[in-house]
Amino acid sequence: MPVSDALVLRIKQMLIRQLKLKVTPEEIEDSSPLFGEDPGGLGLDSIDVLEVVASIEKEFGVQIRTQEEGERVLRSVAALAEFLAAKGVR
Amino acid sequence: MLTTDYHKIPLEAFEEVPPELKTEAFFRAHELVSAYVGLRAREVVESLPPGTAVAPGREHPWDWLLRRARACAVSTAGSAELRGAILAEEAALEPALDLIDAAAEGYPAFLKGERDGGSVIFDPRRPHLWERYFSNANPLYAAGNLLAAHAAGIAFEGRGDGGPLRVLEVGAGLGSAAEALLETLGDRIGEYLLTDISPGFLRQARDRLEGRAAGGARLAFRLLDLNRAPASWAAGPGAWDLVHAVNVLHAVRDLGAALRGLRERLAPGGALVLGECVRPRRGEPVHPEMVFLLLDELREAVLDPETRPEPGFLDAASWRASLERAGFSRVRFVPPFERAVAAYPAHCLAAIIARS
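Residues numbered from 1 in each chain as written. Chains lettered and ligands numbered in written order. Predicted model: local features only at pLDDT ≥ 70, side-chain atom pairs only at ≥ 80, totals over all residues. Heavy atoms only, no water.

> Just to check I follow, could you spell out unusual backbone geometry for this structure?
Residue Pro335 of chain B is reached from Val334 of chain B by a cis peptide bond, and omega for that bond is -5°. As for its position among the elements, Pro335 of chain B is in the loop between β6 (329–334) and α14 (337–343). Even without being a glycine, Lys20 of chain A presents a positive backbone phi close to 55°. As for its placement among the helices and strands, Lys20 of chain A is situated in the loop between α1 (5–19) and α2 (46–60). Positive phi is not limited to glycine here, since Asn247 of chain B has a value of about 55°. Tracing the backbone shows Asn247 of chain B in the loop between β4 (240–246) and α10 (255–265). Overall, the relative accessible area of 24% leaves Asn247 of chain B in the partly exposed class. (Helix = DSSP H or I, 4+ residues; strand = E, 2+ residues; numbered from the N terminus. Buried < 20%, exposed > 50% of the residue type's maximum accessible area, 1.4 Å probe, protein only.)

Set out below in structure tokens:
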């Protein structure tokens, strides 16, 4: 399933809302790292992982089942969008 | 289950403490949770087959569990029954019990090296565990916040018209200690910089506190890692009347370096106020350790036989030695700690005021 712009926007809006980020969706680069101290990234940490995983399940009905899966799909908005699209989310 | 008859506790030993922290309910909550920790520790120990090899680096938590398990005097059938009894008496203790349960469930895999401690207690299947625990709705956690705020009030009694207080808080977390401090001193605080190592915690604290600050306090939020050199800290030296540190300093890697850095941040006449769980006697386990010994940061502390004899929480003598070695003076415990322990042997909560 291809990744739609609407899905990418939904993901960014979810992150902003649930993590109380003071940015707009346009300011979040699709491929920038979500976690860690990369200056171009969002700077999220392990505390945020808890909220992100719970929010993904609530918003999109998809569970992230293992730590390995989480590390892979939560690398960036683009990685998360690909994962969700493969699960049939639009 | 209270091992001490409340009515025989000489409460004059706690005369400096807010009234909420010397009620029978308060003492009982502490003992109930301590008993639950002992029982869960025993269940973890009994769940492991004899001869189970503990992974390298995990010997200290294993030793801790063994000591607590041996000391457990609870004879109830199991933790589920005890949990039900505790919650029937005090439902507000549920966040504390939930965190203990998460730790207990993860300990076997952690001890065998199959899982890291952080993943046990920062578990996406339980996303709100920390939010509920580090809250003023959790009476056990709120007690530390309340006592530290009260001690900050004592520290600045009689300051007169010295102008608004400039407050630096380290390890602010989700903002519950700030809530208590603003409630106590809000109308005397001018600038209030909340700092923490975690961007996630800081964002949530900002979301809760912005727009709700009492009096004229101006809040700001910045990252600050006490494990990095003080020169990198986002808080200028010599600029703060009060440095407030509740339930954080026991977790820093090099306590001496952190304390020296905090002393440098105080303005002349300033005070460091700590809120801490303090061991009643050197080497004595305290119940919060069951959870926090899972964290690498706590186990990797720089040790010193006088100031930091073991990882995690300190005893009163170690706190005095640490603070004095870092250049602080007039170290004062609220309540006077040895007197409180003489009155109630399981006492383990203190605020500490130290002057630059």
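> Would you explain the side chain of Ser135 of chain B in this entry?
All names here are of chain B. Its place among the elements puts Ser135 in the loop between α6 (129–133) and α7 (139–155). According to the relative accessible area criterion, Ser135 is buried, its value standing at 18%. At 2.9 Å, the side chain of Ser135 and the backbone nitrogen of Ala137 are in polar contact. Among residues more than four places away in sequence, those in contact with Ser135 are Tyr141, Ala142 and Ser176. (Polar contact = N/O pair within 3.5 Å; in protein donor to acceptor, adjacent residues only side chain to side chain. Contact = heavy atoms within 4.5 Å.)

> Explanation requested: the packing of helix α1 (residues 24–47) of chain B against helix α2 (residues 59–71) of chain B in the structure shown.
In helix packing, the relevant descriptors are the interaxial angle and the interaxial distance, both defined with respect to the helix axes. All names here are of chain B. Two elements in contact, α1 and α2, have axes whose closest approach is 8 Å; the angle formed by their N-to-C orientations is 115°. On the basis of the axis angle, α1 is roughly perpendicular to α2. Crossing of α1 against α2: the hand is left-handed. The residues of α2 that touch α1, namely those facing Ser34, Val37, Gly38, Ala41, Arg42, Val44 and Val45, are Trp62, Trp64, Leu65, Leu66, Arg68 and Ala69. Per-class residue counts for the contact of α1 with α2 are nine nonpolar, two polar and two charged. (Axes fitted to C-alpha atoms, helices over the stretch in contact; angles between N-to-C directions. Parallel < 35°, antiparallel > 145°, perpendicular 65-115°, else oblique. Left-handed = near helix turned anticlockwise from the far one by under 90°. Nonpolar A, V, L, I, M, F, W, Y, C, P; charged D, E, K, R; others polar.)

Taken by themselves, the reported measurements are silent on function.
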